[in-house]
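Each chain is listed here by its residues.
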Amino acid sequence: PKVLELGASPAAAVLATVLKAQVTAIDSDARAIDHLKERLKVAGLTDKITVKQIGWNALPFPEQAFDGILALGKLIAPPEHAAMGLRRLLAPKGRLAITWPVRVGRNPEAKALDFWHARVGQPLQLPREALMSVERHGFELETIETVGETELDEYYRELEGVLDRQ
């Protein structure tokens, strides 16, 4: 399979070695690109993965070039925009996997909602709303995964520590 990873990460190595995929990993951040190249060099995988510094809004790939597109852990674009912009790059039975925060639970923390609203520029959608926005662009939805409260609490503690240091 041919896979495009948006956001250069160690996942590229896993895709290339475990799935035997032809991986193109891109990122707009030069530091992320350098970090991935170094990891691939150490792992002996520089010949298996193409790494490029490219902005998310300027993807120079032909139509239907990839069997899968992954954007895991980086917020590339809201689900609907990602679906619109990336659909043309996927083969007819291609898969799109993205990470995007959604509003889960009856009483989410106001602090968390405010943080994400500021980060993504809009109020968080409910999971169903996010899925429907992607479905409108020709995707047949397979799954959505949410993180439990314990994992979220840990994530926010780490995030607060990073923000406190800035």
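The structure we're discussing is the one just above.
Residues numbered from 1 in each chain as written. Predicted model: local features only at pLDDT ≥ 70, side-chain atom pairs only at ≥ 80, totals over all residues. Heavy atoms only, no water.

Asker: Got a sec to walk through the sheet that holds strand S1 (residues 2-6)? Specific residues and values, please.
Answerer: Taken in spatial order, the 5 strands of this open sheet run S3-S2-S1-S4-S5, and their pairing is parallel. Where the open sheet ends on each side, the last strands, each with one partner, are strand S3 (49-53) and strand S5 (90-98). For this sheet, the mean inter-axis angle between neighbouring strands, taken without regard to orientation, is 15 degrees. Relative to S3, strand S2 (residues 22-27) is paired through 5 bridges, and the arrangement is parallel. The residue of S3 that forms the bridge with Val23 is Ile49. Contacts from helix H1 (residues 11-18) reach S1, S2, S3 and strand S4 (66-71) within the one sheet, and its direction differs from that of S2 by about 170 degrees. The sheet contacts of helix H3 (residues 79-86) involve S1, S4 and S5, and relative to S5 the element is tilted by about 155 degrees. (Pairing = 2+ DSSP bridges. Helix = DSSP H or I, 4+ residues; strand = E, 2+ residues; numbered from the N terminus. Axes fitted to C-alpha atoms, helices over the stretch in contact; angles between N-to-C directions. Contact = heavy atoms within 4.5 Å.)

Asker: Any details on the nonpolar core? Residues and values, ideally.
Answerer: Counting 18 residues, the largest nonpolar core has Leu4, Leu6, Leu59, Phe61, Ile69 and Leu89 as its most contacted members. Elements represented by at least two residues in this core include exactly S1, S4 and H3. Once residues lying within four places of it in the same chain are set aside, the contact partners of Phe61 are Leu4, Thr24, Ile26, Lys52, Ile54, Phe66, Arg88 and Leu89. Ala21, Ile33, Leu40 and Leu70 belong to the second largest nonpolar core, which has 16 residues in total. (Core = buried A, V, L, I, M, F, W, Y, C linked by side-chain atoms within 4.5 Å. Buried < 20%, exposed > 50% of the residue type's maximum accessible area, 1.4 Å probe, protein only.)

Asker: Requested: an account of a nonpolar patch on the surface, with residues and values cited.
Answerer: A grouping of Val14, Val18 and Leu19 is seen on the molecular surface, where their side chains present a nonpolar patch of about 290 Å² in accessible area. Topologically, Leu19 is positioned in the loop between H1 and S2. (Patch = residues over 30% accessible without salt bridge, like charges linked within 9 Å, V, L, I, M, F, W, Y side chains within 5 Å. Areas by Shrake-Rupley, 256 points an atom, 1.4 Å probe, with all protein chains shown as cover. Salt bridge = Lys/Arg side-chain N within 4 Å of Asp/Glu carboxyl O.)

Asker: Break down unusual backbone geometry for me, citing the residues and quoting the values.
Answerer: A positive phi is found at Lys20, a non-glycine position, where the angle reads about 55 degrees. Tracing the backbone shows Lys20 in the loop between H1 and S2. Phi is positive for Gln64, which is not a glycine, with a value near 55 degrees. Following the sequence through the fold, Gln64 ends up in the loop between S3 and S4.

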